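Spelled out from the first residue to the last, the chains are:
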Amino acid sequence: MDLQRFRDGDPRYFEEIIREMGPLVIGAIGQFTNCQDVADDMFQEVWLRVYEKRTQFKGSGSFGGWLHRLTRRTCLTRIRRDAARERAGRLFWGRRAEEHREVAPRALGKLFQSRREEVLALVGRLPDRQYQIVWLRYFEDYSTAEVAERLGLKEATVRSNLRHALESLRQLLPREEIE
């Protein structure tokens, strides 16, 4: 492996690495999903992470081992993120997200698209911290960990504030909008 070309982000070298190591990544992803669309998304996410983290690979261990660990972490993060969105959908809508596929994974998605101004006004009525958390989590699509880091909070604090904010929004929305 040409460590310098890898760290420099040489596009041609990355193409070679993807061709050579792609089967390893596909195999690792296969442990997490059997849905081809999800696997394709994960494959892209993994290679984006590899590119972002390329300077962290020191070359002291095997590249395959480093890539496999990074693939597993990326897949686990994706699964946790999707599960959190599913839970948020249940919290907000008060029912299982499978009953509202068009709403999940974003709890405010369908309503936000149809009545943007009203939803923004309701979100704007939340306390400052809850407003910031809801905005970052649902409108800018940050993970709970990313919101916590960005606001200098603990993840548990973000989750708690998010839960309270969603409960408040649910009470503010007319019942017919939720149906």
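One structure accompanies this document, and this report is about it. Since we're looking at a predicted model, the values are computed, not measured.

**What to know about the pattern of salt bridges**
Next, step 1: Taken as a whole and assessed by the stated rule, the structure comprises six salt bridges.
Next, step 2: A salt bridge links Arg 78 to Asp 41; the shortest N-O distance between them is 3.8 Å. With Arg 78 in helix H4 (residues 63-93) and Asp 41 in helix H3 (residues 36-53), the pair connects residues that are 37 residues apart, well separated along the chain.
Next, step 3: Accessibility expressed as a relative area gives 10% for Arg 78, which makes it buried.
Next, step 4: The partner of Glu 52 in a salt bridge is Arg 49, and the shortest N-O contact between them spans 3.3 Å. Placement of both Glu 52 and Arg 49 in helix H3 is noted, with a separation of three residues, approximately one turn of the helix.
Next, step 5: Salt bridges sharing partners connect three or more residues here, namely Asp 41, Glu 45 and Arg 78.

**Observations concerning the packing of aromatic side chains**
Next, step 1: Taken as a whole and judged by the stated rule, the model has 10 aromatic pairs.
Next, step 2: With a centroid separation of 5.2 Å and 80 degrees between ring planes, the pair formed by Phe 6 and Phe 63 is classed as edge-to-face. Here Phe 6 is found in helix H1 (residues 3-8), whereas its partner Phe 63 is found in helix H4, with 57 residues between them in sequence. For the pair shown, Phe 6 and Phe 63 are each scored as buried.
Next, step 3: Residues Phe 63 and Trp 66 carry aromatic rings whose centres are separated by 5.7 Å and whose planes lie at 35 degrees to one another, so their mutual orientation is tilted. You can see Phe 63 and its partner Trp 66 sitting in helix H4, three residues apart, about one turn around the helix.
Next, step 4: Since its relative accessible area comes to 11%, Trp 66 is described here as buried.
Next, step 5: Here the aromatic cluster, defined as three or more aromatic residues joined through ring pairs, consists of Phe 6, Phe 14, Tyr 51, Phe 57, Phe 63 and Trp 66.
Next, step 6: The side chain of Arg 54 reaches across the aromatic face of Tyr 51, ending 4.0 Å from its centre.

**As for the nonpolar core**
Next, step 1: Formed by 18 residues in total, the largest nonpolar core has its most connected members in Phe 6, Val 50, Phe 63 and Leu 67.
Next, step 2: Of all elements in the fold, only helix H2 (11-30), H3 and H4 reach the threshold of two or more residues within this core.
Next, step 3: Among the elements that take part in this core, H2 stands out by supplying six residues, more than any other.
Next, step 4: Residues in contact with Phe 63, not counting those within four places in the same chain, are Met 1, Phe 6, Ile 17, Met 21 and Phe 57.
Next, step 5: Counting residues in hydrophobic clusters, the runner-up holds 16 residues, among them Leu 122, Val 134, Val 147 and Leu 166.

**Let's talk about H3**
Next, step 1: Its 18 residues place the ends of H3 25 Å apart at the C-alpha level, agreeing with the 26 Å of an ideal helix rising 1.5 Å per residue.
Next, step 2: Listed as buried for H3 are Ala 39, Met 42, Val 46, Trp 47 and Val 50. Buried residues of H3 fall within an arc of 135 degrees about the axis and therefore sit on the same side. Within H3, the exposed residues directed more than 90 degrees away from the buried face are Asp 37, Gln 44, Leu 48 and Glu 52.

What counts and how
- Residues numbered from 1 in each chain as written.
- Predicted model: local features only at pLDDT ≥ 70, side-chain atom pairs only at ≥ 80, totals over all residues.
- Heavy atoms only, no water.
- Salt bridge = Lys/Arg side-chain N within 4 Å of Asp/Glu carboxyl O.
- Helix = DSSP H or I, 4+ residues; strand = E, 2+ residues; numbered from the N terminus.
- Buried < 20%, exposed > 50% of the residue type's maximum accessible area, 1.4 Å probe, protein only.
- Phe/Tyr/Trp six-rings, centres within 6.5 Å; stacked < 30°, edge-to-face > 60°.
- Lys NZ or Arg CZ within 6 Å of the ring centre and 35° of its normal.
- Core = buried A, V, L, I, M, F, W, Y, C linked by side-chain atoms within 4.5 Å.
- Contact = heavy atoms within 4.5 Å.
- Expected span 1.5 Å × (residues − 1).
- Arc of directions from axis to C-beta.

Purely geometric numbers; function is a separate question.
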